[in-house]
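# Coordinate analysis (summary)
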Amino acid sequence: MARFFLKILLKQLVDKQSSDKMGLLLYEAENGSTDDAPEPRFLPPPPDPSFLTKETSAPGSPTSSNRATDTVPRKFKIEGVKIGQGPIKADPDRSGIDVRSEGLIIKWKHITKDDERVKDKNKVKNKDDDDDVFDKDLRKKFDDCKLTGEGTICWQNLSNTVPNTDGIIEIINDSISNFINQAPLTP
Amino acid sequence: MTDALGTNYGLMPPDNSIDQKPDLRDAAIVQNQKEVPLQTYFNKAYKDALSNHRLGDQPADDSVAKLHVPISLIAYAKSGDAHTRVGIYRDEMHFPPAC
């Protein structure tokens, strides 16, 4: 399934036009529709954002889906997503429970020069302001590894009773960060 | 490869077998650029998450209480004019015993 998403990223799923359409659907699910998007349009807030984004409902409430706590900063942007939640496949040895899954297209933060912007000193700083600041040293590390900073990820079967998705974020953060930094491996 | 938790890991197979694209290379091309491959770091991160019960009760036995949470990660890579990809593959599909 991750390869399926990669083909959308590479615009190789059927053809470029088809990949663009599917990529737009994934983008809209995470970000809402752009102004020039075709109907039906989904104005922000996005309709079905990633489970790796912050939970906005009260924990334990009926509308809570146990998303991220926001205490583990994501080192990547979510360019597009398709989420899923529902009962796990029938099995005589276990009862039905809801599990979550999703496919993601991501881009590492701070490594795209096109995203560089001048900070407005007068602007009230918020948590996401640093997301697009270009870091040339970090970019070099990705270049040295021949990585573009883009990627696709699919995961599934995370029980709806697991209180958050921070563990998934940690796996993605640590895998890529440690690889580009060639961090020492500790037991 | 199997780790201490009994979790089986496997490298992503060469994409050439699927795409038939001559410019798409096997993961090994990129992973050899660095001393420690991406998969090693992924294995450790996954194992840490399991040990810390970040993915629910573990070790997974595929029961309701201890579900296996598969993850696939593909880092898109480039090499000169050619594009390649590195990846970590785990079986994403759950097939109950009845299947």
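For clarity, every value in this text was computed on a predicted model and none was experimentally measured. (Residues numbered from 1 in each chain as written. Chains lettered and ligands numbered in written order. Predicted model: local features only at pLDDT ≥ 70, side-chain atom pairs only at ≥ 80, totals over all residues.)

## Side note on the overall build of chain A
Put simply, the rule is: A helix here means a DSSP run of H or I that spans at least four residues, while a strand means a run of E at least two residues long, and both kinds are numbered starting from the N terminus. Around each residue's C-beta, the other C-beta atoms within 10 Å are counted; 20 or more make the residue buried, 12 or fewer make it exposed, and counts in between make it partly exposed. All C-beta atoms are placed from the backbone. By definition, residue pairs are in contact when their C-beta atoms, positioned from the backbone, come within 7 Å.
Across its full length, chain A carries four helices and three strands. Counting from the amino terminus, chain A carries its helices and strands in the arrangement α-α-β-β-α-β-α. Taken over 187 residues, chain A has a buried fraction of 34%. Contacts in chain A between residues at least 24 apart in sequence constitute 60% of all its contacts with a sequence separation of at least 6.

## Focus: the packing of helix 4 (residues 166-181) of chain A against helix 3 (residues 38-51) of chain B
Condition: Geometry is summarised by axes, namely lines fitted to C-alpha atoms with helices restricted to the contacting stretch, and by angles between N-to-C directions that run from 0 to 180 degrees. Angles below 35 degrees are treated as roughly parallel, those above 145 as roughly antiparallel, those between 65 and 115 as roughly perpendicular, and all remaining angles as oblique. By the definition used in this description, the sense in which the near helix is turned from the far one sets the handedness, with an anticlockwise turn below a right angle giving left-handed and a clockwise turn giving right-handed. Think of it as three bins: nonpolar holds Ala, Val, Leu, Ile, Met, Phe, Trp, Tyr, Cys and Pro, charged holds Asp, Glu, Lys and Arg, and polar takes everything else, Gly as well.
As a packed pair, helix 4 of chain A and helix 3 of chain B sit with axes 8 Å apart at the nearest point and diverge in direction by 150°. Put simply, helix 4 of chain A runs roughly antiparallel to helix 3 of chain B. The element helix 4 of chain A and its partner helix 3 of chain B pack so that their crossing is right-handed. Where helix 4 of chain A abuts helix 3 of chain B, its residues Gly-167, Glu-170, Ile-171, Asp-174, Ser-175, Asn-178 and Phe-179 of chain A lie against Leu-38, Tyr-41, Phe-42, Ala-45, Tyr-46 and Ala-49 of chain B. The residue makeup of the contact of helix 4 of chain A with helix 3 of chain B, split by class, is eight nonpolar, three polar and two charged.

## Quick word on the pairing of strand 3 (residues 71-79) of chain B
So the rule is basically this: For two strands to be treated as a pair, DSSP must find no fewer than two bridges joining them.
Burial runs high along strand 3 of chain B: seven of the nine residues are buried. Examined bridge by bridge, strand 3 (residues 147-159) of chain A and strand 3 of chain B share six bridges and lie antiparallel to one another. Across the sheet, residue Ile-153 of chain A finds its bridge partner in strand 3 of chain B, namely Leu-73 of chain B.

## Considerations on the interface of chain A and chain B
Across the boundary between the two partners, chain A contributes 40 residues, which contact 37 residues of chain B. Among the elements of the structure, helix 1 (2-9), strand 3 and helix 4 of chain A are those that each provide at least two residues to the side of chain A that touches chain B. Tallying contributions element by element places strand 3 of chain A first for the side of chain A that touches chain B, with twelve residues. Looking at the side of chain A that touches chain B residue by residue, the classes come out as 20 nonpolar, eleven polar and nine charged.

## Concerning the environment of Glu-150 of chain A
Take Glu-150 of chain A: it is sitting in strand 3. Each C-alpha atom of the pair Glu-150 of chain A and Trp-108 of chain A lies 6.4 Å from the other, and the pair is 42 residues apart in sequence. Beyond its immediate chain neighbours, meaning those up to four positions away, Glu-150 of chain A contacts Leu-9, Ile-106 and Lys-107 of chain A together with Tyr-76 of chain B.

## Details of the nonpolar core
Applicable threshold: The term nonpolar core refers to a set of buried Ala, Val, Leu, Ile, Met, Phe, Trp, Tyr and Cys residues connected through C-beta atoms within 7 Å.
One finds Ile-153 and Ile-172 of chain A together with Leu-73 and Ala-75 of chain B to be the most contacted residues of the largest nonpolar core, which totals 51 residues. Within the residue set of this core, elements represented by two or more residues are helix 1, helix 2 (16-31), strand 1 (76-87), strand 2 (98-108), strand 3 and helix 4 of chain A together with helix 3 and strand 3 of chain B.

## Examining unusual backbone geometry
The amide bond that connects Glu-39 of chain A to the next residue, Pro-40 of chain A, takes the cis arrangement and shows omega of -5°. Note on placement: Pro-40 of chain A falls in the loop between helix 2 and strand 1. Positive phi values are uncommon outside glycine, yet Val-14 of chain A reaches one of about 70°. The topology assignment puts Val-14 of chain A in the loop between helix 1 and helix 2. With 12 C-beta atoms packed within 10 Å, Val-14 of chain A lands in the exposed category. Located in the positive-phi region is His-53 of chain B, a residue other than glycine, with phi close to 60°. With respect to the helices and strands, His-53 of chain B occurs in the loop between helix 3 and strand 3.

## Notes on helix 2 of chain A
Residue and element names in this part refer to chain A. This is how the line gets drawn: Expected span of a helix, by definition, is 1.5 Å for each gap between consecutive residues, and there is one gap fewer than residues.
Taking 1.5 Å as the rise per residue, helix 2 with 16 residues should run 22 Å; its terminal C-alpha atoms sit 21 Å apart, in good agreement. For helix 2, the full list of buried residues reads Leu-26, Glu-28, Ala-29 and Glu-30. Against the buried residues of helix 2 lie helix 1, strand 1 and strand 2. Positive phi shows up at Gly-32, right after helix 2, with a value of about 85°.

## Points about the confidence of the model for chain B
Keep in mind that low pLDDT regions are not for reading the predicted coordinates in detail. Residue and element names in this part refer to chain B. Stated precisely, the cut-off is as follows: Every residue gets a pLDDT, meaning the predictor's confidence in that residue, from 0 to 100.
Overall, the prediction assigns chain B a mean pLDDT of 63, with 45% of residues at 70 or greater. In the model, residues 1-32 has pLDDT below 50 throughout and makes 49 contacts with residues more than four positions away in sequence or in other chains. Predicted confidence is poor over residues 94-99, with pLDDT under 50, and the contacts of this stretch with residues over four places away or in other chains come to seven contacts. Reported for the predicted complex are a pTM of 0.80 and an ipTM of 0.86.

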